[in-house]
Every structure is written in structure tokens, then in C-alpha cells.
Amino acid sequence: MRFRDAAHYVRDDPDRGVFRVHRDLFSDEALFELELQHIFEGGWVYVCAEFQVARPNDFYCTKVGRRSVIVSRDEGGKLHCFYNTCRHRGATICHVERGNKKYHVCDYHGWTYDSSGRNFDIKDRKEGAYPDSFDDCDHDLIPVAKFEGYAGLLFVSLKADVASLEDYLGDARTFIDLAMKQGPDGMEFVPGRTNYTFNGNWKLQIDNGMDAYHLTSTHRSFVNTINRREAGQSSNQQANSQNIPSRFALESGMFNFENGHAVIWSDQPDLEKLPLFGAIDEVRARVGKIRAKWMLRGCNLTIFPNLQIADSTSLILRTILPLAVDRTEMTMYSMAPVGEALELRTRRIRQHEDFFNITGMATPDDTVIYEDCQNGLSVGADDWLQCFERGMTALKPGADAHARELGLSPVASMSGRYAVQNEVCYHSAYREWVRRLSGIAA
Amino acid sequence: MTLLAAASDLLAREGLYLDERRWDDWLALYCEDCTFWAPSWLDEEVQSNDPERQISLFYFSSRAGLEDRVWRIRSGQAPSLVPIPRTTHLIANPVLDDCATGDAMVVRSAWTCHIYTLRNRTQHVFFGRYEHHLVRLGGDWRIQHKKITLMNDFVPAMLDVFCV
């Protein structure tokens, strides 16, 4: 490590209008190890949505940092989360992403656990000449330290000594609500998630997921594809996606929340293109005019450290899993109201495929750029990145009128025309990074 | 030419046109009202089967969708496509469905696509199966429907229409 303490890697001086992050944050392996221990394996991390384990005995298998875990709904409907490892010799007991099983049987010696994680059978136990001390052991699957949900999203902390999930999420909960309450009967993932990797640091995704500034350069080909469609030069009308530059004159802003969370928002130019607009009367009647207006806005939300919900060219939920300092795995879902009209659903799907899919016309340009960034950041220069100051003079501590409209108390607010394309929305994540890692000896 | 030979010839030409970036020749293999579909995997064993209700890796309900992608490739405006990765398609084991006639046939085949990404000097192989629905229009065979099964759908950074 270049500096003794993680706090020295971020220069955060709002009075002087300075916010700088050292390049090593993206390339230092010792820092990455600290991130795994103290961020991904030392605090709240999103694992899955409750609707992915809706029925008794449904399970979902995923990773929290490096640790494989199983989320399982027992026969009585209660949710559990335990480590994916047999108590006998430690083999993983689950090898698929999801499914429905009353019993999980270890392939090695056949130890069996029920869907609540309770040990149901130790093969040939009677003949095993086990001592009393063995019988005194707990043979159940090992539960994670903390497991809580908010608005249908489930989170785990592998460390017990953390704030409640609600306190951790804070006011960012309002933006989770704006995504998770769009449907009168709840939300669901459209079947068919995509799963991809990039050879870059996980924080490149954290930032880019809220980056309005890159759209007209990185995604120029997407912007111009939409322009061609609108000019009649392309007859492909199946997606009817939003025109991005049309946002530039519209109102936009961002909120920095406590604990690393942040959101950027903007008005949308063509409301009638939004799948949700087709059901807006029901939405207004249910959530009120103000929340309905916010549900039609473009909102890109980061819940630190591994969840992003973006509502722009359709609504997505994506997860970020760090594999190495320079390698990250992503899972991307299209999210939609349960019971959505087929015509709206199909348009939503085509918009998702148009933009967000790893096979689409936007995401591959992001991932390839992350790899460019990683290559550049790995040159080892003792230097500070200059990507945190756009929007600084429009930044206001606390709530602005937009925050007050939603009853929010953010750390800071910024609003103005979309053309600002602010980069101050990244401050929260790096402040949280410092809070979690400072004072820890490497 | 037998039907199987005609089908094999078309499959080989499609791979050739993609690898040689003869995009207009590639598009000309498709009917205007074609469908081009790469289902996603819903779990370890089941693929999506309804593009209206499920996410696909690719779903274009006409050639215009492919034309958008070709425009993007040629535009030089997409970082993931500049420089454009080099590809080699190997297409093998064509089998005709029993219902093949002189006007329409379904041919199933196996494929691999080797991709060399010049931007970071990495290489990757995607592989899977094709199902081509071919029709004879004015003496030439054209693709009415193409279904691409991608076996290894854990994607390193990018995957475009010419990588499958």
C-alpha cells in the first residue's frame, strides 16, 4: 500500500471544492483484500429478491464476497440464509443457481439438510460408533450472521455487529420503493437474466451506473441509432427506446445519502415510450401524483456496495460481484410489474435488449471501457482522478426542494439541467469506502 | 445440388461473410421479414422459448434489427467494436428436418466462433447450435428464421451479432 491508512486515498474537502480519489483504489491488491474483508464480507450486501424464492422450498444460490451462500424458503414459508457448505467435510451442497428442494443432500457422504438448513440425516449414523461429543454438536447448515429484507429485496451481512438494514439503507429506501412499488401486485424479474464479466475493478461499475456524462461519447452509437430510427433512416421500431440527448434541456439532479448510497434522476423526454406510462392511471391512484411523477423519472440508484437499480431505457436490477482487483462479475435482470399488459411487457423486453443486455448496443461499450480504465489505472502513476468535481458548484448540503418533495434528508443534493451531467454523485461511495477501511492496518 | 448441399453452402457462406465483414452480403442472406433469435438460458437446462415474455440474448423481428447492428458496427462509434474483433466461424454437422422440400427446409447445425479481441489481446470461443429455417425466393435460398443456441452464456465483456 502506498499510504498507511485507507483514509489517505481520498481527499474530501467540500469547503475548498476538492474531491479526489487516488488511482491505487482501483489497482492495489492489498486494498482489494481489505475491501473483501470489510466491505463485502463485513457489512450489508444484497443477495436476491424475495420473489426469486417465492414458494416453499425455493432456493437461490449466490456469493457474498468470496463466500457461497444459499437463500432458502422453508416449508412453513420462512426465509433462511446459510453458507453453502456441508458440516461434514465442507463440500458445497448446492451447484445450481436456483431451484426447489425440500432436502439438500451433500454429494460426498450423503448428509441431508432440510430447506430450513436443519440437519435431517447423517447417513448410517446408528452404525457409526459416534461419541457423545459428536451428538452434542450442532449439525445444521451454518446461518449467516444477519439476514434481513426491505421492500422485497434481501440482504446479508456476514458480520453481526452492523446497523439494522433499514438504518443502513436510510433514505435510499425511498428510491427502492419507487422501483419496487411500480406494480399493484408487486414486481418480478422478466425470465432470462444475463451474466457477464469484465477485467476491471468493481468500483468502475459503481460509478458508471450513475454516470450521465459518458452517454454521448461511450454510447454515441446507441444515441445515433435512436436518431436514425427517429429520422426514419432505420425501420427498426420494435424497441422504441428513449432519445438520450433530448434529456439535456430537462430537469435532473442527484442525492448523496449516508452509507455509500446515491441516486441520479432526470425527467424523461418521451413519457409515452416508457412501459410504465401505459399503466400510469393505476399507479397515480395507488401511490399519489408525486410518487408517480418520480416513477416516470429516470433514476439510477446505487445501494453500496453491490446493487444498482436503473430506471431509464426500461427498469433493471444488477448485482456487482468482485472476483479480483481487476475482475468483476455482473448479473443483470429486467424488472417489471407483475401482471403487466403483454404489449407493454414486450416493449420493455425489447428496450432492455436494445440497451442493457450484454448483447445490446450499450453495455458492451461500458464493459470494454472499464477494461480500458483498468489498463490505464494499472500504470501505477501516483496520481489522483479528476472525475468527482462536475456539478460541484451546484451541490448543496442537505435537502433541496426535490428532496423535500419526497421527505428525504440526503447528505447533499444537486439539481439543474441534465446537461450538467454531474459527477458529484460518486462522493457517497468513496466516503463510505473510507469509513469502512480507515484505521484498519493492512 | 441436393437440399443438404444447398443448406450447407448457405451456412458456410454466412460464416464466411461474417468473418470477412461482408455485411451487405450477410444481410442479403436474410428475408426482410426474418426473425433472428438467440434465446437466453432460464436455468442450467432450460432455454427461454417466448421472446414476447422473456429476455433473449438477441431478438429481431425483422431484418431492420440486423441492419441497425450493421450500421453500428460500421459507424466506428462503438468502443467495443473499434478495432473490430477478428472472428472465425466453424459450422458443421448439418442435418435437415424430414419436412424439407424444394421451397422450404429447416437445417440444424453446430457452430463455434473464435474471437480475437485486439483491444486487449484476449481470445475466446463461443459455441452452440444453429437452427436455420430457409425458404427459396427467386431461385435463391434465404434465411427466414435463425435460432442460435449459445451454450456458454457467461460472457466476457462483449458479445455482438457476429460473435455467434
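Residues numbered from 1 in each chain as written. Chains lettered and ligands numbered in written order. Predicted model: local features only at pLDDT ≥ 70, side-chain atom pairs only at ≥ 80, totals over all residues.

1. Side note on the overall build of chain B
So, point 1. In terms of regular secondary structure, chain B is built from three helices and seven strands.
So, point 2. In terms of overall size, chain B behaves like a compact globule, its C-alpha atoms giving a radius of gyration of 16 Å where 164 residues would be expected to give roughly 15 Å.
So, point 3. Reported as C-alpha extents along the three principal axes, the dimensions of chain B are approximately 45 × 35 × 30 Å.
So, point 4. Expressed as a percentage of the 164 residues in chain B, the buried residues total 40%.
So, point 5. Considering only contacts in chain B between residues 6 or more positions apart, those separated by 24 or more positions represent 55%. (Helix = DSSP H or I, 4+ residues; strand = E, 2+ residues; numbered from the N terminus. Rg over C-alpha atoms; globule rule 2.2 N^0.38 Å. Buried ≥ 20, exposed ≤ 12 C-beta atoms within 10 Å, placed from the backbone. Contact = placed C-beta atoms within 7 Å.)

2. Some points on the environment of B:Arg121
So, point 1. Mapping B:Arg121 onto the fold places it in the loop between strand E4 (104–117) and strand E5 (122–137).
So, point 2. C-alpha separation for the pair B:Arg121 and B:Gly76, spaced 45 residues apart in sequence, amounts to 19 Å.

3. Focus on the domain arrangement of chain A
Residue and element names in this part refer to chain A.
So, point 1. Domain annotation of chain A identifies domain 1 (46–149) and domain 2 (170–437).
So, point 2. Placing a centre on the C-alpha atoms of domain 1 and another on those of domain 2 gives a separation of 35 Å.
So, point 3. With five residues of domain 1 at the interface, the matching set in domain 2 holds nine residues. (Domains from an automatic or database assignment.)

4. Quick word on the sheet that holds strand E4 (residues 58–64) of chain A
All names here are of chain A.
So, point 1. Here we have four strands laid out as an open sheet, ordered E6-E5-E4-E7, and antiparallel in their pairing. One side of each edge strand has no neighbouring strand; the edge strands of this open sheet are strand E6 (79–83) and strand E7 (98–100). Between one strand axis and the next, the sheet turns through 25° on average, direction left out of account.
So, point 2. Bridge analysis of E4 against E7 gives three bridges, and the strand direction is antiparallel. Bridging from a neighbouring strand, Phe 59 pairs with Gly 99 of E7. (Pairing = 2+ DSSP bridges. Axes fitted to C-alpha atoms, helices over the stretch in contact; angles between N-to-C directions.)

5. Some details on helix H10 (residues 342–355) of chain A
So, point 1. Between its first and last C-alpha atoms H10(A) spans 20 Å; for 14 residues at 1.5 Å apiece the expected length is 20 Å, and the two agree.
So, point 2. Burial analysis of H10(A) places eleven of its 14 residues in the buried class, the great majority of the element.
So, point 3. Residues of H10(A) that are buried include every one of A:Arg345, A:Thr346, A:Arg347, A:Arg348, A:Ile349, A:Arg350, A:Gln351, A:His352, A:Glu353, A:Asp354 and A:Phe355, and no others.
So, point 4. Looking at the buried side of H10(A), the elements it contacts are helix H7 (220–230), strand E19 (314–324) and strand E20 (327–337) of chain A together with strand E2 (56–60) of chain B. (Expected span 1.5 Å × (residues − 1).)

6. Structural notes on the environment of A:Trp294
All names here are of chain A.
So, point 1. The residue Trp 294 is located in helix H9 (residues 289–296) in this model.
So, point 2. By the C-beta count within 10 Å, which is 20 here, Trp 294 ends up buried.
So, point 3. Considered as a pair, Trp 294 and Ala 401 are 107 residues apart in the sequence and their alpha carbons are 14 Å apart.
So, point 4. Non-local contacts of Trp 294, meaning those with residues more than four positions away in its chain, are made with Leu 178 and Leu 406.

7. A word on the interface of chain B and chain A
So, point 1. Taken together, the contact between chain B and chain A spans 35 residues of the former and 39 residues of the latter.
So, point 2. The set of elements that each furnish at least two residues to the side of chain B that touches chain A consists of E2, helix H3 (63–75) and strand E7 (154–156) of chain B.
So, point 3. Partitioning the side of chain B that touches chain A into residue classes produces 15 nonpolar, ten polar and ten charged.
So, point 4. In this sheet, E7(B) lies alongside strand E14 (residues 194–198) of chain A in parallel orientation, the contact comprising three bridges. Across the sheet, A:Tyr196 pairs through a bridge with B:Val155, a residue of E7(B). (Nonpolar A, V, L, I, M, F, W, Y, C, P; charged D, E, K, R; others polar.)

8. A closer look at the sheet that holds strand E8 (residues 103–105) of chain A
All names here are of chain A.
So, point 1. Pairing in this open sheet of three strands is antiparallel, and the strands run E8-E9-E10 from one edge to the other. The sheet is open, and its two edges are formed by E8 and strand E10 (119–121), each paired on a single side. Each neighbouring strand pair of the sheet contributes to a mean axis angle of 35°, computed without reference to strand direction.
So, point 2. Bridging between strand E9 (residues 112–114) and E10 involves two bridges; their strand directions are antiparallel. Opposite Tyr 113, over in E10, you have Asn 119 as the bridge partner.

9. Concerning the pairing of strand E1 (residues 10–13) of chain A
All names here are of chain A.
So, point 1. Summarising the sheet, E1 and strand E2 (residues 18–22) pair through four bridges and their orientation is antiparallel. Along E2, the bridge assignment pairs Val 10 with Val 21.
So, point 2. Linking E1 to E2, which pair antiparallel, is a turn of four residues; within it Gly 17 sits at a positive phi near 70°.

10. Remarks on the confidence of the model for chain B
So, point 1. Across chain B, the average pLDDT comes to 97, with 100% of residues at 70 or higher.
So, point 2. With pTM at 0.97, the complex prediction returns an ipTM value of 0.97. (pLDDT = per-residue confidence, 0-100.)

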